[in-house]
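One-letter residues, chain by chain:
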Amino acid sequence: MKNVSFLAELLEKDTIAEHVTSISLKDDPSRVYLNTDDEPESSGENVLYTDVPGYLNVSFAQNGQKKLEKSVATFEGSYIDLKKYNNLDHFLKSKLSPKRVSRLKAYKRTLEKVFPIDYQYYYGEIQDRTYEELMNNLKRMITTRFNEKQMHHMALTEWDRFKELGKGLIREKKASLIVIYHGDEPIHISFNYIWKQLVFGYVRGFNIDYSKFYLGYIDIMIQLQWCFEMGFEIYDLLRENMEYKLRFADHTYLYACHIVVAKPRPFSIVSPLLTWLSLSLKFDMYYPFMSRLRAIYLRIPFLPKRKEKRIQPLYQLEKLDKEQWAKMDKEKFSRIQIASLKQPYGKRAVYHFLYLSKEQLEHLKLYISLDDERTIILECPNSLGKIIFKNRAEKHGK
C-alpha cells in the first residue's frame, strides 16, 4: 500500500489535484477550494492518505473506480475561522475579555517602547541571502529553546528538505515568513504554508533572550492582522491543542487517515483492511486506554511519579533604590556594554529588567562589580536594578 501525506501534496508539492476531485469546508460546503471534473490518473494502487484535516470535505478518487474508503481519526488540531470577523479588533473582542485584550495590546506597546521594533512580511518576494539568514536563525532559535527544555521539535527532523522547499514556495505565494526585528536582528520568526485562502501555521521560533516579552502573543496578533488584510479565510493552528491555541481557536478537529482502495477484489482488500484495523486499534483503543490508565495512576497516592522538568532560576533580579545605589562605592564598579556581558544569560536578565521597568534600551547603563563579576547594576532614568547571576553549582543545585 502506498503512503501519501495529504498535507505534503497540498502544501509542499502542489500535486493534490492528482489525488482528489474536490475540497471544501465541512461547516460551509459553499466554500469550495478545489473542484474538478477531471479524474486523476491512477496506477491502481491502494493508498493510505495521512494528515487529512477533519474540517475539510475531501473527495478522493482513484481512476474513477474507487468503491471502498475507510478512515480513522488520529491527532487533534484547531483552526480560526477568519470569515467570522471583520478585523483583528473584532476577533480579539469576540474571543477574549476586555482586560485580556488590553493586556495583549500592552505587550506589543511595551516591546515597541523598549526596543526599536520592525515587522516584515515575506510573501512573494525574498532575497536569497535574507532567506538563508532567516532560516538559519529560525533553526537556531528552535534548537536553543528546545535544548533548554530538554525536548525535541518535530520540524528539525526534516529541516534540510523543509528549508530547500521554503524559498520557492514564498516566491510563488504558497508560503510566508513573518518576522519581528529588533533593529536588524530577527527575534521572532514564523513560517506559514498557504493554499488558496487557507493559512497553515507550520513553525515558529523566538530568541529566548526576549522570553519575558510575550513574543508568541505579539506574533499571533501581527499574523492575524496580516491575514485579515490579505483576505484569508482560515488560519490553521495545526496539531496539538495547547492552551494558547485553544484560547484563540474557533474550532477543534481531528486529523484522519484515509485508506482508499482503487479496485476492490476479494483478496486485494485484505491488506487495506488490516491497515485500517491496525490504525483503529492504535488510535481508537490503545491511546485512549493508555491515557485513562495514566490518569488513574496519577491519582493514586504513594506511587512513584515522574518529576516535572523545571528550569532552575538562572539569575536573581532585585530592585534597587537611589539611596542604596548612592551609598555604593562606585570605584568598585566598571561601566560596560551589554554586548560585553560574559554571562550566558546576560541579555535575558537585562531584558527582563527592561520589561519590568518599561525603560528604553538606549537609556540603559550597566555596571559590573569588580569584586564579583556575577553582579551587575542596571541604571535607567526612572529605574534601578541589581542582577546576581548564579554559577553552575547553584544552577544545578549541587
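Our structure's up above, just so we're on the same page.
Residues numbered from 1 in each chain as written. Predicted model: local features only at pLDDT ≥ 70, side-chain atom pairs only at ≥ 80, totals over all residues. Heavy atoms only, no water.

A. Region of interest: the overall build of the chain. Broken down by element type, the chain carries eleven helices and 17 strands. The buried share among the 398 residues of the chain stands at 45%. If you take every contact in the chain between residues at least 6 apart in sequence, the share linking residues at least 24 apart comes to 71%. Accessible surface computed for the chain: about 22300 Å², of which carbon and sulfur atoms make up 49%. (Helix = DSSP H or I, 4+ residues; strand = E, 2+ residues; numbered from the N terminus. Buried < 20%, exposed > 50% of the residue type's maximum accessible area, 1.4 Å probe, protein only. Contact = heavy atoms within 4.5 Å. Areas by Shrake-Rupley, 256 points an atom, 1.4 Å probe, with all protein chains shown as cover.)

B. Region of interest: the sheet that holds strand β14 (residues 333-336). Taken in spatial order, the five strands of this open sheet run β13-β17-β16-β15-β14, and their pairing is antiparallel. Every interior strand has two partners, whereas the edge strands, β13 (315-319) and β14, have only one. Adjacent strand axes in the sheet meet at a mean angle of 25°, parallel and antiparallel pairs treated alike. Sheet topology places β14 next to strand β15 (residues 365-369); four bridges connect them, and they run antiparallel. Counterpart to Ser334 in the pairing with β15 is Ile368. (Pairing = 2+ DSSP bridges. Axes fitted to C-alpha atoms, helices over the stretch in contact; angles between N-to-C directions.)

C. Expanded view of the packing of helix α2 (residues 88-95) against helix α6 (residues 215-230). Two numbers describe how α2 lies on α6: the axes approach to 9 Å, and their chain directions differ by 125°. As the angle between them shows, α2 and α6 are arranged oblique. Each of Leu88, Phe91 and Leu92 in α2 lies in contact with α6, whose residues at this interface are Met221, Leu224, Gln225 and Phe228. Class assignment for the residues of the contact of α2 with α6 results in six nonpolar, one polar and no charged. (Parallel < 35°, antiparallel > 145°, perpendicular 65-115°, else oblique. Nonpolar A, V, L, I, M, F, W, Y, C, P; charged D, E, K, R; others polar.)

D. Structural view of the environment of Ile208. Within the element layout of this structure, Ile208 appears in the loop between β10 (198-206) and α6. Ile208 sits 137 residues away from Tyr345 along the chain, and the two C-alpha atoms are 9.4 Å apart. Ignoring anything within four residues of it in the chain, the contact list for Ile208 reads Thr144, Arg145, Glu148 and Arg348.

E. Looking closely at the side chain of Ser383. Residue placement: Ser383 occurs in strand β17 (residues 383-389). A polar contact is formed between the side chain of Ser383 and the side chain of Glu359, at a distance of 3.3 Å. Excluding its chain neighbours within four sequence positions, the residues that come into contact with Ser383 are Phe353, Ser357, Glu359 and Leu378. (Polar contact = N/O pair within 3.5 Å; in protein donor to acceptor, adjacent residues only side chain to side chain.)

F. Representation of the packing of aromatic side chains within the structure. Going through the model one piece at a time under the given rule, you end up with 31 aromatic pairs. Ring centres of Phe91 and Phe248 lie 6.2 Å apart, and the angle between their planes is 20°; this geometry places the pair in the stacked category. With Phe91 in helix α2 and Phe248 in helix α7 (residues 243-248), this residue pair connects regions lying 157 residues apart in the sequence. Side by side, Phe91 and Phe248 carry an identical accessibility label, which is buried. Taken together, a centroid distance of 5.6 Å and an interplanar angle of 45° make the contact between Trp226 and Phe232 tilted. Comparing Trp226 with Phe232, the two get one shared label, buried. Through a chain of ring-to-ring contacts, the aromatic side chains of Tyr85, Phe91, Tyr107, Phe115, Tyr210, Phe213, Tyr214, Tyr217, Phe248, Tyr351 and Tyr355 assemble into a single cluster. Cation over ring: Lys330 sits above Trp325, and NZ or CZ is 4.5 Å from the ring centre. (Phe/Tyr/Trp six-rings, centres within 6.5 Å; stacked < 30°, edge-to-face > 60°. Lys NZ or Arg CZ within 6 Å of the ring centre and 35° of its normal.)

G. Structural view of the pattern of salt bridges. This model, assessed by the stated rule, comprises 20 salt bridges. Notably, a salt bridge pairs Lys163 with Glu132, separated by 2.7 Å at the nearest N-O pair. One end of the pair, Lys163, is in helix α5 (residues 159-171); the other, Glu132, is in helix α4 (residues 128-149), with 31 residues separating them in the sequence. Overall, the relative accessible area of 17% leaves Lys163 in the buried class. Since its relative accessible area comes to 35%, Glu132 is described here as partly exposed. A salt bridge links Asp219 to Arg204; the nearest nitrogen and oxygen atoms lie 2.9 Å apart. (Salt bridge = Lys/Arg side-chain N within 4 Å of Asp/Glu carboxyl O.)

H. Local environment of the environment of Tyr79. Structurally, the position occupied by Tyr79 is in strand β6 (residues 68-81). In the structure, Tyr79 is positioned 173 residues away from Thr252 in sequence and 6.5 Å away in space, judged by C-alpha atoms. In this structure the side chain of Tyr79 is engaged in a polar contact, spanning 3.3 Å, whose partner is the side chain of Asp27.

I. Spatial organisation of α6. End to end, α6 covers 22 Å across 16 residues, agreeing with the expected 22 Å (1.5 Å per residue, within 8%). Judged by how many residues are buried, α6 sits mostly within the fold: twelve of 16 residues are covered. Of all the residues in α6, the buried ones are Leu215, Tyr217, Ile218, Asp219, Ile220, Met221, Ile222, Gln223, Leu224, Trp226, Cys227 and Phe228. Once α6 ends, the next one or two residues include Gly231, with phi positive near 80°. (Expected span 1.5 Å × (residues − 1).)

J. Structural context of the pairing of strand β9 (residues 185-195). Most of β9 sits out of view: ten of its eleven residues are buried. As paired elements, strand β8 (residues 175-182) and β9 share eight bridges and run antiparallel to each other. Bridging from a neighbouring strand, Leu177 pairs with Phe191 of β9. Taking the residues between adjacent antiparallel strands as the criterion, β8 and β9 are bridged by two residues, where Gly183 takes a positive phi near 65°. Bridging between β9 and β10 involves eight bridges; their strand directions are antiparallel. Across the sheet, the residue bridging to Ile189 is Gly205, located in β10. Hairpin connection between β9 and β10: a loop of two residues separates the two successive antiparallel strands, and Lys196 in this loop has a positive phi of roughly 55°.

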